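Notes for the structure review
Spelled out, the chains give:
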Amino acid sequence: MEIREQLKHKKRVVIKIGSSSLTHQMTGEVNYQKMEQLTRVLCDLRGMGKDVILVSSGAIAVGRKAMHMNKRPSTTAEKQALASIGQARLMMTYQRLFAEYSQVAAQILMTKNTMKNDLSRFNTRNTFEELLSMGAIPIVNENDTVATYEIEFGDNDHLSAYVAALTKADLLILLSDIDGMYTDDPSRNPDASLIPIVSELTEEYKNMGKSTSKSDVGTGGMSAKLDAARIAVDAGIDMVIANGSNVRNILDIVSGKDVGTLFLAHQKKNFDLLNYID
Ligand code: GLU
């Protein structure tokens, strides 16, 4: 399909992976094989000459495991403490894996205030630019350790769209626990079918995007992904939702294969990112 072929030429790619894709479903332990495969794929994207930004969750999930906590954290303080433990561990693993393939990973932690405040937004954009021009791979997460309800993005789907818009990326890939967007919830309706391309994000699609994420580790769900799509396409960025259970999907997407659901960009006139942040 010709539209898909165009994805071959995307230079700056933001990839979002969620906690449910990075951990074993049954135990919640980190899936090291998956992290390693993801790292390899991202290093290959760098090898193809692309700018790569990873938005990775997992801080709280990793912290939870480190502290042998079985239940999901309920208070903000618990979440913040677990993120503080888990984020450092997560980055340690990424640093090691990227170093194996001679790539350098960098950490960027953000809150809503980073985007809202003109000076921090400007500085953050400069940092991204500088890192990418050095050939480093920025790994972004919400700064959960300081983010309270008022300043949190809440989920990394939104965060990844803001990052893509801020860095003027060409393509945003959201890796999910589902193959893409369906006409209905496929776990309940056997007739639900995968939508290969959304050329215009109409109300009808929004209604289809009921929350379909079943995992207890991530936070997103399909409606958050559609919000992300709205930001991305308005910012002029194509976005793909694909299954994160196979990270090679990333390579298939950038080689123009028909994987997941593609939301086509149509840059809104006078796009202003601040209008998308409440
Ligand atoms: N920032 C959270 C974490 O790293 C996850 C947010 C999300 O899953 O969307 O644990």
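These remarks concern the structure in this document. Here the structure is a predicted model, which means the values were calculated and not measured.

Another aspect to go through is unusual backbone geometry. Positive phi values are uncommon outside glycine, yet Ser 102 reaches one of about 55 degrees. Examined against the element boundaries, Ser 102 turns out to sit in the loop between helix 5 (76-100) and strand 3 (105-110). We classify Ser 102 as exposed; its relative accessible area is 65%. The phi torsion at Lys 168 lies on the positive side, around 50 degrees, for a residue other than glycine. Exposure remark for Lys 168: the relative accessible area of 64% places this residue in the exposed category.

For Leu 97, the location among the structural elements is in helix 5. Leu 97 sits 58 residues away from Thr 39 along the chain, and the two C-alpha atoms are 6.5 Å apart.

Within strand 1 (residues 12-17), 6 of the 6 residues are buried, which leaves the element mostly enclosed by the surrounding structure. Here strand 1 shows no split at all, with Arg 12, Val 14 and Lys 16 on one side and Val 13, Ile 15 and Ile 17 on the other all buried. Here strand 1 pairs with strand 5 (residues 171-176) via 5 bridges, running parallel. Each bridged residue has a counterpart across the sheet, and for Val 14 the counterpart in strand 5 is Leu 172.

The rules behind the values
Residues numbered from 1 in each chain as written. Predicted model: local features only at pLDDT ≥ 70, side-chain atom pairs only at ≥ 80, totals over all residues. Heavy atoms only, no water. Helix = DSSP H or I, 4+ residues; strand = E, 2+ residues; numbered from the N terminus. Buried < 20%, exposed > 50% of the residue type's maximum accessible area, 1.4 Å probe, protein only. Pairing = 2+ DSSP bridges.

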